[in-house]
Amino acid sequence: MKSRTKNNKTRSQIEAMVARAFGGMTLADDDGAVCELKDGWFNAVYSIRLANGQDVILKIAPPPDAEVMSYEKNIMATEVATMRLVRQNPTIPVPNIYFFDDTHEVCDADYFFMEKLPGDTLAHVRTLLPAATLVSLEYQVGTIIREINGFRGTCFGYEGNPDLRASTWKEAFIRIMEAVLEDAARKRVMYDYSYDEIRDVVQKHAAALEEVTTPCLVHWDAWDYNFFVQHERIVGIIDFERALWADPLMEAQFRPFFSDGITNSMRGYGKTSFTFAETQRCYLYSLHLALVMHTECYYRNYDTDEIFNFSKDFIARSMAWLRAN
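Just so you know, these numbers come straight off a predicted model, no measurement behind them. (Residues numbered from 1 in each chain as written. Predicted model: local features only at pLDDT ≥ 70, side-chain atom pairs only at ≥ 80, totals over all residues. Heavy atoms only, no water.)

1. A look at the overall build of the protein
Looking only at helices and strands, the protein features nine helices and 12 strands. For the protein, the C-alpha atoms occupy an extent of roughly 60 × 45 × 40 Å along the three principal directions. Counting contacts in the protein only where the partners sit at least 6 residues apart, residues at least 24 apart contribute 69% of the total. Split by element, the accessible area of the protein, about 14500 Å² in all, is 50% carbon and sulfur. The centroid of the 34 positive side-chain charges in the protein is displaced by 2 Å from the centroid of its 46 negative side-chain charges. (Helix = DSSP H or I, 4+ residues; strand = E, 2+ residues; numbered from the N terminus. Contact = heavy atoms within 4.5 Å. Areas by Shrake-Rupley, 256 points an atom, 1.4 Å probe, with all protein chains shown as cover. Lys, Arg positive; Asp, Glu negative; His and termini not counted. Charge placed at Lys NZ, Arg CZ, Asp CG, Glu CD.)

2. A closer look at the pairing of strand 10 (residues 227–230)
Here strand 6 (residues 120–121) runs beside strand 10; their pairing, made up of two bridges, is antiparallel. Residue Asp-120 lies in a different strand from strand 10, and its bridge partner there is Val-229. Strand direction decides the pairing type here: strand 10 and strand 11 (residues 233–237), joined by four bridges, are antiparallel. Among the inter-strand pairings, Phe-228 is bridged to a residue of strand 11, identified as Gly-236. Once strand 10 ends, the chain turns through two residues before running back antiparallel as strand 11, passing His-231 with a positive phi of about 50 degrees. (Pairing = 2+ DSSP bridges.)

3. Structural notes on the environment of Met-25
Looking at the element boundaries, Met-25 is found in the loop between helix 1 (11–21) and strand 1 (34–37). The spatial distance from the C-alpha of Met-25 to the C-alpha of Pro-64 is 27 Å, given a sequence separation of 39 residues. If sequence neighbours within four positions are ignored, Met-25 has contacts with Val-18, Ala-19, Leu-50, Ala-51 and Asn-52.

4. Overview of the side chain of Thr-121
Its location among the elements puts Thr-121 in strand 6. Contacts of Thr-121, omitting those with residues within four sequence positions, involve Asp-224, Tyr-225, Phe-227 and Phe-228.

5. Focus on the pattern of salt bridges
On inspection of all chains with the given rule, the structure shows 24 salt bridges. Note that Glu-105 and Arg-20 form a salt bridge whose closest N and O atoms lie 2.7 Å from each other. Residue Glu-105 is located in the loop between strand 4 (97–101) and strand 5 (111–115), and its partner Arg-20 is located in helix 1; the two are separated by 85 residues in the primary sequence. In this structure, Asp-313 engages Arg-317 in a salt bridge whose closest nitrogen and oxygen atoms are separated by 2.9 Å. Placement of both Asp-313 and Arg-317 in helix 9 (residues 306–324) is noted, with a separation of four residues, approximately one turn of the helix. On the accessibility criterion, Asp-313 (41% relative accessible area) is partly exposed. Assessed through its relative accessible area of 33%, Arg-317 is described here as partly exposed. Put simply, Lys-59, Glu-72, Glu-79, Asp-239, Glu-241, Arg-242, Glu-296 and Arg-300 are held in one network by salt bridges that share partners. (Salt bridge = Lys/Arg side-chain N within 4 Å of Asp/Glu carboxyl O. Buried < 20%, exposed > 50% of the residue type's maximum accessible area, 1.4 Å probe, protein only.)

6. What to know about the packing of aromatic side chains
This structure, assessed with the given rule, holds 18 aromatic pairs. Look at Tyr-283 and Trp-321: their rings are 4.3 Å apart centre to centre, the planes differ by 0 degrees, and that puts the pair in the stacked class. Separated by 38 residues along the polypeptide, Tyr-283 in helix 8 (residues 276–300) and Trp-321 in helix 9 bring together distant segments of the chain. What links up through ring pairs into an aromatic cluster is the set Phe-22, Tyr-98, Phe-99, Tyr-111 and Phe-113. (Phe/Tyr/Trp six-rings, centres within 6.5 Å; stacked < 30°, edge-to-face > 60°.)

7. Some remarks on the packing of helix 6 (residues 195–205) against helix 8
Axis separation between helix 6 and helix 8 bottoms out at 10 Å; the angle between their running directions is 155 degrees. The pairing of helix 6 with helix 8 is recorded here as roughly antiparallel in orientation. For the element pair helix 6 and helix 8, the recorded crossing hand is left-handed. On the side of helix 6, the interface is formed by Ile-198, Val-201, Val-202 and His-205, while helix 8 contributes Gln-280, Leu-284, Leu-287 and Leu-291. (Axes fitted to C-alpha atoms, helices over the stretch in contact; angles between N-to-C directions. Parallel < 35°, antiparallel > 145°, perpendicular 65-115°, else oblique. Left-handed = near helix turned anticlockwise from the far one by under 90°.)

Set out below in structure tokens:
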């Protein structure tokens, strides 16, 4: 997808990054040595073939003058640190980080090279798979997310932004929600609800946040495009840039994107029933995600209205439940 935050580079610029990362290595001498991967919405990502035949992935952060939302500050450094952390658990299939450069000496933004995963994304192969295989893969997704949530932090919120951290989850989440509304106000975003109406429903259900007392590592962006499949197995998970220390119920597997009932990924996770307070939190997190997706449209300048329209409906559904209950 085209996006204002994508920091695309020329072949010669990428060659300089390769040389720095791999001890003077050059690119393979063919037109396919640099291939942009366009599924993402935020960073520029390339599949790179080195002169020695090795294939790697290059990810480049937005340019320094790009407007980003508050929670997106320093998220590439967060991504690298989080991927290195979760590799401590061998059951989480995360690619190896080969090189991370935040000096801005050969590139105007942070960038890193990582292992290229085998297979294809779950998003690309979902409709081609037998039903039984898809059930198994979705179950595996749930088990992987549970393992990620097993890491514990010392505070709640985002590593990359001290303004969005707190000692309690209730305080951190309210700060995070307020930051989204402030980001929206800077772009004069008009939702179908006033900012005060949104604040009111958050406060109405905020007591449910007090149950969360342990900061768990949450991927938050674990959708089909970020899981890789090969031989009927999930062989990789990527895009940890939006990870935060939070309530595991923030994970995408607990959002009602495709089903209002119990999903295979929930079964794999081991979470198939919810108290009323947990349901309250799930709808708060759905509202947060919907607001983020909608507000991002004003920062990214996407070339399609798909996300705008989807998020608008998602906000309405989340607000309807939060108001009625």
